[in-house]
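# Survey of secondary and tertiary structure
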Amino acid sequence: MWGFLKRPVVVTADINLSLVALTGMGLLSRLWRLTYPRAVVFDEVYYGQYISFYMKRIFFLDDSGPPFGHMVLALGGYLGGFDGNFLWNRIGAENALITQSRLMLLESVLIFFNLLAVLSYLKFFNCQKHSPFSLSWWFWLTLTGVACSCAVGIKYMGVFTYVLVLGVAAVHAWHLIGDQTLSNVCVFCHLLARAVALLVIPVVLYLLFFYVHLILLFRSGPHDQIMSSAFQASLEGGLARITQGQPLEVAFGSQVTLRNVFGKPVPCWLHSHQDTYPMIYENGRGSSHQQQVTCYPFKDVNNWWIVKDPRRHQLVVSSPPRPVRHGDMVQLVHGLTTRSLNTHDVAAPLSPHSQEVSCYIDYNISMPAQNLWRLEIVNRGSDTDVWKTILSEVRFVHVNTSAVLKLSGAHLPDWGYRQLEIVGEKLSRGYHGSTVWNVEEHRYGASQEQREREWELHSPAQVDVSRNLSFMARFSELQWRMLALRSDDSEHKYSSSPLEWVTLDTNIAYWLHPRTSAQIHLLGNIVIWVSGSLALAIYSLLSLWYLLRRRRNVHDLPQDAWLRWVLAGVLCAGGWAVNYLPFFLMEKTLFLYHYLPALTFQILLLPVVLQHISDHLCRSQLQRTVFSALVVAWYSSACHVSNTLRPLTYGDKSLSPHELKALRWKDSWDILIRKH
């Protein structure tokens, strides 16, 4: 019965020694002296701060992309015992791929998932030929969708590879539909499986990244003001601490601060002060000389306004409170000066096609007050909706002129303290964010006396506004802010253009030792760089040649070899194209590291071209021998260049000025040489 236990157990393993050797070399080159330098290097100053925010659960916003890549780095910090208490501001005033992968940056993680997506799809494609709907078939198909989602979740650049994989999958699905050996039900199952794995799973995972991100970061942080008041109120501390317990429904007599929803060029609040508009502007135009109304980017006592009922004189909330509803007429009285928000047919100071907005001063001249405004709740559910704190987005439409209260975004001159201009927009084009406002801080006014009103703090029953903001609402706002937020696009010392990447005419000095000449640069291996471009050119020319001959019914390659050649080109050459060409259309500051994902696909194309030349273009044994010798010479030169540039890759060796000048192979390379 137990005889099988006496039989020898035989385990067979198919080991690819070349793959093991390459993996070992890759790990060694990246882990060698990984703790050096003990300083913050280049963009680690940003990503280190983000990791600290994760450790402290503080909300932040990074316009470089979705949060998955940041969470991967934060996970590494957490597993390493990092508690977030480190000041990330002390920056020490192929080779490029090694340099980038040794630092706490996102490009290497992005490249990993890009390549994992391509590898998984190729594995799935092979399973499709032999064992469709098998366990391995499902595994590789699902992993393709997961890898694509992770790539997009790290940086928006991951979309390029995702689109490439979707395009290849769509072509294969189209051929599948035309396969007459498959039943309609079978074809439908194939298409459904691909749709779920390549569309549904990536979307669900993408949402999951944001869900975890928002669950982790529940505390108020330095980027709060970029978000809406409702979003800020959902975070612990910050605005939530201020708005805790304030009334939900705005009533006549309420004291409010009004924040512009658009938030550009900076978040700001409707504001007024004692100063008036100049009688005559610098360009010679005249003004009403009324009290200035601006948008002020800081919290201030002059941001408070009282919502007054035009039919009554009182500036307090009645008992019971009378809520303000959509369509009601209101007057907005400035809290400290008690002057009413007003507009009239006078040109705005910086936007002459719009009306000036002011707080009305009675000069006893023929310019009566025009201070009635109609409240419009933009995000209302019905025409009887009540104006709500934080949640309601409203417009103020001037009754006399139909102008809409708007933030123009222009900075006033010194007489306006460089604050932002507020205008009455005569021709309102839909519900643009610059014309929409929301109540951020709110209390019920209880005192008719001006002096007491300035200090009163009325706190009615507590209302938890955050519960009214769903995950999808927070996700939508955060996603929109990430896409719409423009970082400082000013020219950087090491910024470059896409044309400079291909020829390696640029580099980035990442780190310089504070005392010696040791330094780290993002600088590519010029042999690999040129070889990748040459492989792309050879592939393109050979493909064109083969296509022309196939058009003449001359088939140089067997059908299987031709299909492999085409698929390799679509994935490798196509991967290079989709990860490189879009940068020509981008209006943002670009750096050499943006080219690394495209370069990776170029490098993948190299062995494809070399193998093709050896198998199909070298006809004799002599030609194959000569070609193999050339490949060995090429590989040796690439290794020699890599070793020569090693001091600039690892930064662990101090070089003399003469040695540094010898490494400046191109005049455009910025090698740092100290002047003693």
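Residues numbered from 1 in each chain as written. Predicted model: local features only at pLDDT ≥ 70, side-chain atom pairs only at ≥ 80, totals over all residues. Heavy atoms only, no water.

Moving on, we come to the overall build of the chain. Counting its regular elements, the chain contains 19 helices and 14 strands. Seen through its principal axes, the chain has C-alpha atoms that stretch 105 × 75 × 65 Å. Total accessible area computed for the chain in this model is approximately 33900 Å², and 61% of it derives from carbon and sulfur atoms. With 57 positive and 48 negative side-chain charges, the chain shows a spacing of 9 Å between the two charge centroids. (Helix = DSSP H or I, 4+ residues; strand = E, 2+ residues; numbered from the N terminus. Areas by Shrake-Rupley, 256 points an atom, 1.4 Å probe, with all protein chains shown as cover. Lys, Arg positive; Asp, Glu negative; His and termini not counted. Charge placed at Lys NZ, Arg CZ, Asp CG, Glu CD.)

Moving on, we get to the environment of Gln-623. Here Gln-623 shows up in helix H17 (residues 621–644). Using a relative accessible area of 38% as the deciding quantity, one classes Gln-623 as partly exposed. A polar contact of 3.1 Å, which involves the side chain of Gln-623, links it to the backbone nitrogen of Ser-620. (Buried < 20%, exposed > 50% of the residue type's maximum accessible area, 1.4 Å probe, protein only. Polar contact = N/O pair within 3.5 Å; in protein donor to acceptor, adjacent residues only side chain to side chain.)

Time to look at the state of the cysteines. Throughout the structure, instances matching the rule amount to one disulfide. The cysteine Cys-150 is free of any disulfide, with Cys-148 supplying the nearest cysteine sulfur at 9.3 Å. Residue class for Cys-150 comes out buried when judged on its relative accessible area of 7%. Its sulfur unpaired, Cys-572 is 15 Å from the next cysteine sulfur, which belongs to Cys-148. (Disulfide = S-S within 2.5 Å.)

A few words on empty space enclosed by the protein. For the second largest cavity, the calculated volume is near 50 Å³. In the lining of the second largest cavity, the residues fall into three nonpolar, three polar and three charged. (1 Å grid on protein atoms, 1.4 Å probe; cavity = no way out; pocket = protein on both sides within 12 Å on 5 of 7 lines; lining within 4 Å. Points joined across faces, edges and corners; volume = space filled by probe spheres on them. Nonpolar A, V, L, I, M, F, W, Y, C, P; charged D, E, K, R; others polar.)

A separate point is the packing of helix H4 (residues 95–102) against helix H5 (residues 107–130). How two helices sit against one another is set out by the angle between their axes and by the gap between those axes. The N-to-C vectors of H4 and H5 enclose an angle of 110 degrees; their axes lie 8 Å apart at closest approach. Here H4 is positioned roughly perpendicular relative to H5, judged by the angle of their axes. Judged by residue contacts, Leu-97, Gln-100 and Ser-101 of H4 engage Glu-107, Ser-108 and Ile-111 from H5. Here the residues of the contact of H4 with H5 sort into two nonpolar, three polar and one charged. (Axes fitted to C-alpha atoms, helices over the stretch in contact; angles between N-to-C directions. Parallel < 35°, antiparallel > 145°, perpendicular 65-115°, else oblique. Contact = heavy atoms within 4.5 Å.)

Take the side chain of His-172 next. Looking at the element boundaries, His-172 is found in helix H7 (residues 158–177). You can call His-172 buried: its relative accessible area is 18%. Polar contacts involving the side chain of His-172 include one to the side chain of Tyr-121, which spans 2.7 Å.

Next up on the list: helix H15 (residues 559–580). Helix length check: H15 (22 residues) gives 30 Å between terminal C-alpha atoms against 32 Å at 1.5 Å per residue, within 8%. Approximately 30 degrees is the largest bend angle found in H15, and it occurs at Gly-574. (Expected span 1.5 Å × (residues − 1). Bend = angle between axes of the 7 residues up to and from the residue.)

Once that is clear, we can look at the pairing of strand E9 (residues 394–398). Sheet faces and side chains relate simply in a regular strand, where the side chains alternate between the two faces. The element E9 is largely enclosed, with a buried count of five among its five residues. Relative to E9, strand E8 (residues 373–377) runs antiparallel, the two being bridged by five bridges. Across the sheet, residue Ile-377 finds its bridge partner in E9, namely Val-394. (Pairing = 2+ DSSP bridges.)

In this structure the tally under the stated criterion is 15 salt bridges. The partner of Arg-395 in a salt bridge is Glu-376, and the shortest N-O contact between them spans 3.1 Å. Here Arg-395 is found in strand E9, whereas its partner Glu-376 is found in strand E8, with 19 residues between them in sequence. Neither residue differs from the other here; Arg-395 and Glu-376 are each classed as buried. What you see here is one network of salt bridges that share partners, running through Arg-259, Lys-299, Glu-440 and Glu-441. (Salt bridge = Lys/Arg side-chain N within 4 Å of Asp/Glu carboxyl O.)

When pLDDT is averaged along the chain, the result is 86; 91% of the residues meet or exceed 70. Averaged pLDDT values over the elements of the chain bottom out at 57 in helix H11 (residues 450–455) and peak at 96 in strand E3 (residues 291–296). Note on residues 457–467: pLDDT is under 50 here. Beyond four places in sequence and across chains, it has 17 contacts. (pLDDT = per-residue confidence, 0-100.)

As a further point, take the pairing of strand E14 (residues 519–522). With burial as the criterion, each face of E14 is covered, one bearing Gln-519 and His-521 and the other bearing Ile-520 and Leu-522. Taken together, the four bridges between strand E13 (residues 508–512) and E14 define a ladder with antiparallel strand orientation. By the bridge assignment for E14, Ile-508 is matched with Leu-522.

All right, on to the packing of aromatic side chains then. Each aromatic ring pair is characterised by the separation of its centres together with the angle its planes make. Taken as a whole, this structure holds 35 aromatic pairs when the rule is applied. Aromatic side chains Tyr-546 and Trp-562 sit 6.3 Å apart centroid to centroid with 85 degrees between the ring planes, which places their arrangement in the edge-to-face category. Residue Tyr-546 is located in helix H14 (residues 526–551), and its partner Trp-562 is located in helix H15; the two are separated by 16 residues in the primary sequence. Neither Tyr-546 nor Trp-562 differs from the other in exposure class; each is buried. Joined through ring pairs, the aromatic side chains of Phe-160, Trp-501, Trp-529, Trp-576, Tyr-580, Phe-583, Phe-584 and Tyr-595 make up one cluster. Its guanidinium or amino end placed over the ring of Trp-304, Arg-443 lies 3.9 Å from that ring's centre, counting from NZ or CZ. One Lys or Arg, Arg-474, reaches over the ring of Phe-231 and ends 5.3 Å from the middle of that ring. (Phe/Tyr/Trp six-rings, centres within 6.5 Å; stacked < 30°, edge-to-face > 60°. Lys NZ or Arg CZ within 6 Å of the ring centre and 35° of its normal.)

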